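Close look at the chain arrangement
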Amino acid sequence: MKVHLSLLPNPSHLEAVNPVVLGKARASQVARGDADGSEVLPVLLHGDAAFAGQGIVAEILAFSDLPGYGTGGTIHFIINNQVGFTTSPQFARSSPYPSDIAKMVQAPILHVNGDDPEAVTFACKLAIEFRQQFKRDIVIDMWCYRRFGHNEGDEPSFTQPLMYAGIRNHPPVSDIYGARLVAENVVDRGWIDGQVANFTATLENEFDAAKSYLPNKADWFEGRWSGLGRPDTPETGRRNVETGISEDAYREVGRILTTVPEGLTVHKTLQRIVDARRAMFDSGEGFDWATAEALAFGTLVHEGIQVRLSGQDSGRGTFSQRHSVSGALRGDRQPAERGGRARLRVRLLVGRAQCAGAVGGAVRRLRQRRAGDHRPVHLVRRVEVASRQRPRHAAAPRL
Ligand SMILES: Cc1ncc(C[n+]2csc(CCOP(=O)(O)OP(=O)(O)O)c2C)c(N)n1
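Residues numbered from 1 in each chain as written. Predicted model: local features only at pLDDT ≥ 70, side-chain atom pairs only at ≥ 80, totals over all residues. Heavy atoms only, no water.

So, about the site of the ligand. As a matter of local geometry, the ligand sits amid 13 residues, with S12, D48, A49, A50 and N81 nearest to it. One of the backbone N or O atoms of A50 is found 2.8 Å from an oxygen atom in the ligand. Taking N81, its side chain carries an N or O atom lying 2.9 Å from an oxygen atom of the ligand. Contact with the protein chains covers 68% of the free accessible surface of the ligand, which is 580 Å². The element that contributes the greatest number of residues to the shell around the ligand is helix α2 (residues 48-53), accounting for three residues. Here the shell around the ligand is composed, by residue class, of five nonpolar, seven polar and one charged. (Near = heavy atom within 4 Å. Polar contact = N/O pair within 3.5 Å; in protein donor to acceptor, adjacent residues only side chain to side chain. Areas by Shrake-Rupley, 256 points an atom, 1.4 Å probe, with all protein chains shown as cover. Helix = DSSP H or I, 4+ residues; strand = E, 2+ residues; numbered from the N terminus. Nonpolar A, V, L, I, M, F, W, Y, C, P; charged D, E, K, R; others polar.)

This brings us to the nonpolar core. Taken as a class, soluble globular proteins show a tendency for nonpolar side chains to be buried jointly. Among the nonpolar cores identified, the biggest contains twelve residues, and these are I75, F77, L110, V112, V120, A123, A127, F130, I138, I140, M142 and C144. Among the secondary structure elements, those contributing two or more residues to this core are β2 (75-80), β3 (109-113), α4 (117-134) and β4 (138-143). In terms of residues, this core owes the most to one element, α4, which gives four residues. For I140, the residues in contact, after removing those within four places along its chain, are I75, H76, F77, I78, L110, V112, A123, C124 and A127. I78, V105, A107 and I109 belong to the second largest nonpolar core, which has nine residues in total. (Core = buried A, V, L, I, M, F, W, Y, C linked by side-chain atoms within 4.5 Å. Buried < 20%, exposed > 50% of the residue type's maximum accessible area, 1.4 Å probe, protein only. Contact = heavy atoms within 4.5 Å.)

Residues spaced three or four apart along an α-helix face the same direction, because each turn holds 3.6 residues. Residues of helix α3 (residues 55-63) that are buried: V57, I60 and L61. Considered in projection along α3, the buried side chains sweep an arc of 105 degrees and stay on one side of the axis. Residues of α3 that are buried sit in contact with α1 (18-32), β1 (43-47), α2 and β2. (Arc of directions from axis to C-beta.)

On the surface, L41, V43, L45 and I128 cluster together into a nonpolar patch covering about 330 Å² of accessible area. In this structure, L45 sits in strand β1. Looking at L45, the relative accessible area reads 59%, which means it is exposed. (Patch = residues over 30% accessible without salt bridge, like charges linked within 9 Å, V, L, I, M, F, W, Y side chains within 5 Å. Salt bridge = Lys/Arg side-chain N within 4 Å of Asp/Glu carboxyl O.)

Residues L44 and H46 point to one face of β1 and are all buried, whereas V43, L45 and G47, pointing to the other face, are not buried. Across five bridges, the pairing between β1 and β2 is parallel. When the sheet's bridge partners are listed, G47 is paired in β2 with I79. (Pairing = 2+ DSSP bridges.)

The values reported here are purely geometric and, on their own, carry no functional implication.
Right under this line is the structure:
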């Protein structure tokens, strides 16, 4: 099987890349139509001190199972060298394990000994299987050590003298594992020495090649991103693009925005807003900014561009202006049909699994959430909506 691996660089700011990785994974899933995340897997590598110490880790864990943000689970791999630069764990966190923060989402946590490569491999395989099966985050906490200082200027025996006396006397993992394989008659010493020599030669060659390496051009904005470039007017960052819409699009989007789905009882006050909007579309005058915003979103959807509303007030807007439901609106232009009239289908994507017909349930649940609240869903017509309600998983088994 061919696996495409994409590596994102982290800036010096520890853990800052995490949401970027999740956003990229999510974008790839949307672009590929990978509805349940089984084709695209985000993997995050962490340091032990950073995982426990950086608040952004709690934020991405909180995102992990939210409709609109989830990726079907992330594999978190903590390289737990038991020191954060020069800071020992008892000065870096108030919990026994660096991985404890992941308990907030009840993620399984596998603590594994870095001196045992087969155990680490087993933990990784288990993590993948768990993630693919349950579509949830899982953490591997690999206990190991750092043989030298954090950087060239760091002498760890100044700050962790006992630990580093122990590390000095501890054989490298390759020696431990090699000796085990020889004792188990899996390979002989000659084979191990050959592997070490080959790999050392590869590293030396690459090191030499790196000295003369000159990058030709940035390799971002390639593939799926090709066509993206700098703005025409770099000073202002503006792009000169056609923003107008056809009258047909205007009428069609206006019709959908002001049509209440059959069988839906709209809140009295909201009905007034809908009526006022209809008047705006009919006269072409007096647009308020909320309706203009809805028109802008609607026309983008009309052009087949996905619009994603995010944030805790995206359901109704800060000033009660929006009245659409969090998630993503996706437009699918239907070919002219039914008497030759082109039809615009607006899909409400709640979560990511797409199963037509379930939206009735989703809308009902929305309304049940607040008893007596006839929460408006007037942007969608029942017959034209497909839910992408994600399947709920059984609670994660505790491993
Ligand atoms: C947000 C942020 N805070 C502080 C630092 C400074 N800093 C650099 S490395 C480091 C310790 C990281 O320890 P750990 O997460 O255990 O990773 P390790 O270097 O041991 O692999 C710190 C605090 C930083 N780079 N970014």
